[in-house]
Amino acid sequence: ASGRRYPCLEMIRRVIYVSKAVRPMGDDDLAMLLERARTNNEKLGITGMLLYRDGDFLQVLEGPKDAVLMLYSKIIRDQRHHSIATLTNADVPERGFGDWTMAFHQVGAEDLERHDVLRPLADHRLTDVYLAREAPALDILRTFQGEMA
């Protein structure tokens, strides 16, 4: 699921969203979710990253516009989460998260201490309003890029 770059032959669609899990997801639940996502994303040429913290998701998807929009419409209908907030749904000139079919990190207390950009999460959830903008979400996602190589 890592180390592969997808060439940019056309404009790339980027979707970033936050949502809340219906119930807390254990390691087995997350592993199954990721296995399915990575398999499907590879077939569709979609890349991205998923962060999980205390029942909250923050995800970025990038790829061909039609594929990303189709996948995102399925994600929105997925009954395993709710309170979905789209932070961005736009074309971008290149992938920012093109190294993984779906990178994943479960954000823990040690991450909050190590990274300044994550400090607000000590008192807030991933889905809180302060984050419901594209720029802070991208900063948080980019924080983990170097650790996923």
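J.: Which residues make up the pattern of salt bridges, and what are the values?
T.: Throughout the structure, instances matching the rule amount to six salt bridges. Residues Arg13 and Asp91 are paired through a salt bridge, measuring 3.0 Å at the closest nitrogen-oxygen approach. Separated by 78 residues along the polypeptide, Arg13 in strand S1 (residues 12–21) and Asp91 in strand S4 (residues 81–92) bring together distant segments of the chain. Assessed through its relative accessible area of 38%, Asp91 is described here as partly exposed. Among the ionic pairs, Asp111 bridges to Arg114, the shortest N-O distance being 3.0 Å. Here Asp111 and its partner Arg114 are both found in helix H3 (residues 109–114), three residues apart, which amounts to about one turn of the helix.

J.: Mind laying out the side chain of Glu62, listing which residues take part and the relevant values?
T.: As for its placement among the helices and strands, Glu62 is situated in strand S3 (residues 56–64). Within the structure, the side chain of Glu62 is placed 2.8 Å from the backbone nitrogen of Phe97, a separation counted as a polar contact. Among all residues touching Glu62, those that are not within four sequence positions of it are Ile12, Arg13, Arg14, Gly45, Ile46, Thr47, Val68, Arg95, Gly96, Phe97 and Gly98.

J.: I'd like a description of the packing of aromatic side chains, backed by residues and values.
T.: Applying the stated criterion across every chain yields a total of two aromatic pairs. Geometrically, the ring pair formed by Tyr17 and Tyr72 is tilted, given 5.4 Å between the ring centres and 40° between the ring planes. Of this pair, Tyr17 sits in strand S1 while Tyr72 is found in helix H2 (residues 65–77), placing the two residues 55 residues apart along the sequence. In this structure, Tyr17 and Tyr72 share a single accessibility class: buried. With centroids separated by 5.0 Å and ring planes inclined at 50°, the aromatic side chains of Tyr52 and Phe57 adopt a geometry described as tilted.

What counts and how
- Residues numbered from 1 in each chain as written.
- Predicted model: local features only at pLDDT ≥ 70, side-chain atom pairs only at ≥ 80, totals over all residues.
- Heavy atoms only, no water.
- Salt bridge = Lys/Arg side-chain N within 4 Å of Asp/Glu carboxyl O.
- Helix = DSSP H or I, 4+ residues; strand = E, 2+ residues; numbered from the N terminus.
- Buried < 20%, exposed > 50% of the residue type's maximum accessible area, 1.4 Å probe, protein only.
- Polar contact = N/O pair within 3.5 Å; in protein donor to acceptor, adjacent residues only side chain to side chain.
- Contact = heavy atoms within 4.5 Å.
- Phe/Tyr/Trp six-rings, centres within 6.5 Å; stacked < 30°, edge-to-face > 60°.

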